[in-house]
Amino acid sequence: MIAENGKMSSKCRTNNYCIAAGSTKATQLYTDIKYPHKVALVIGNEGQGFINILPEQIDIMIKIPLLNEVESLNASVAGAVMLYEILRQKTAKTCHDCFECDIIP
């Protein structure tokens, strides 16, 4: 879904989705988050970052650790990495079914 003037955010809220966004400025690693059952993943583009979504509309800001002088990953690569982690958690035997965004203790 492409965010349009806050419509994506309000639709997610109405349907009890947690909004997670990948950002190089985030402090939490994507693997340190316990993702909720319903999560919407927002990926900004490489040049401008997030478009049409405000930071206060995001529940979880996450990052992928990068090595050496790499500044960012291609948006599709970053999305695939984060989606894989969400899927990994959902298919693990310890999968949870809550609607809150929590950091793994």
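Look a little higher up for the structure.
Just so we're clear, the structure is a prediction, and the values are computed from it rather than from any experiment.

K.L.:
Describe the side chain of S23, and please don't skip the residues or the numbers.
P.N.:
Summarising the element assignment, S23 is placed in the loop between β1 (18–22) and β2 (28–29). Take S23: its relative accessible area is 15%, and that puts it in the buried class. Of the polar contacts made by the side chain of S23, one reaches the backbone nitrogen of K25; its length is 3.0 Å.

K.L.:
Explain unusual backbone geometry residue by residue, including any values.
P.N.:
Most peptide bonds adopt trans geometry, and most residues besides glycine take a negative phi value. Even without a glycine there, the phi angle at N16 is positive, about 60°. Despite not being glycine, N68 shows a phi value in the positive range, around 50°. Position of N68 relative to the elements: it lies in the loop between β5 (60–63) and α2 (75–91). Overall, N68 belongs to the exposed group, its relative accessible area being 81%.

K.L.:
With reference to specific residues and values, describe the nonpolar core.
P.N.:
Residues C18, A20, Y30, I33, Y35, V39, I60, I62, I64, A78, M82 and I86 constitute the largest nonpolar core, which totals 12 residues. Sort the elements by how many residues they give to this core and α2 lands first, with 3 residues. In terms of nonpolar packing, the next biggest core, distinct from the first, is built from 8 residues, I19, A21, V42 and I53 among them.

K.L.:
Just give me the short version of α2, but keep the residues and values in it.
P.N.:
Between its terminal C-alpha atoms α2 stretches 24 Å, which fits the 24 Å expected from 17 residues at 1.5 Å a residue. Taken as a whole, α2 has its buried residues at A75, A78, G79, M82, E85, I86 and Q89. End-on, the buried residues of α2 take up no more than an arc of 130°, which puts them together on one face. Looking at α2, the residues exposed on the side facing more than 90 degrees away from the buried face are S76, Y84, L87 and T91. Buried residues in α2 make contact with β1, β3 (33–34), β4 (39–43) and β5.

Thresholds, definitions, all that
Residues numbered from 1 in each chain as written. Predicted model: local features only at pLDDT ≥ 70, side-chain atom pairs only at ≥ 80, totals over all residues. Heavy atoms only, no water. Helix = DSSP H or I, 4+ residues; strand = E, 2+ residues; numbered from the N terminus. Buried < 20%, exposed > 50% of the residue type's maximum accessible area, 1.4 Å probe, protein only. Polar contact = N/O pair within 3.5 Å; in protein donor to acceptor, adjacent residues only side chain to side chain. Core = buried A, V, L, I, M, F, W, Y, C linked by side-chain atoms within 4.5 Å. Expected span 1.5 Å × (residues − 1). Arc of directions from axis to C-beta. Contact = heavy atoms within 4.5 Å.

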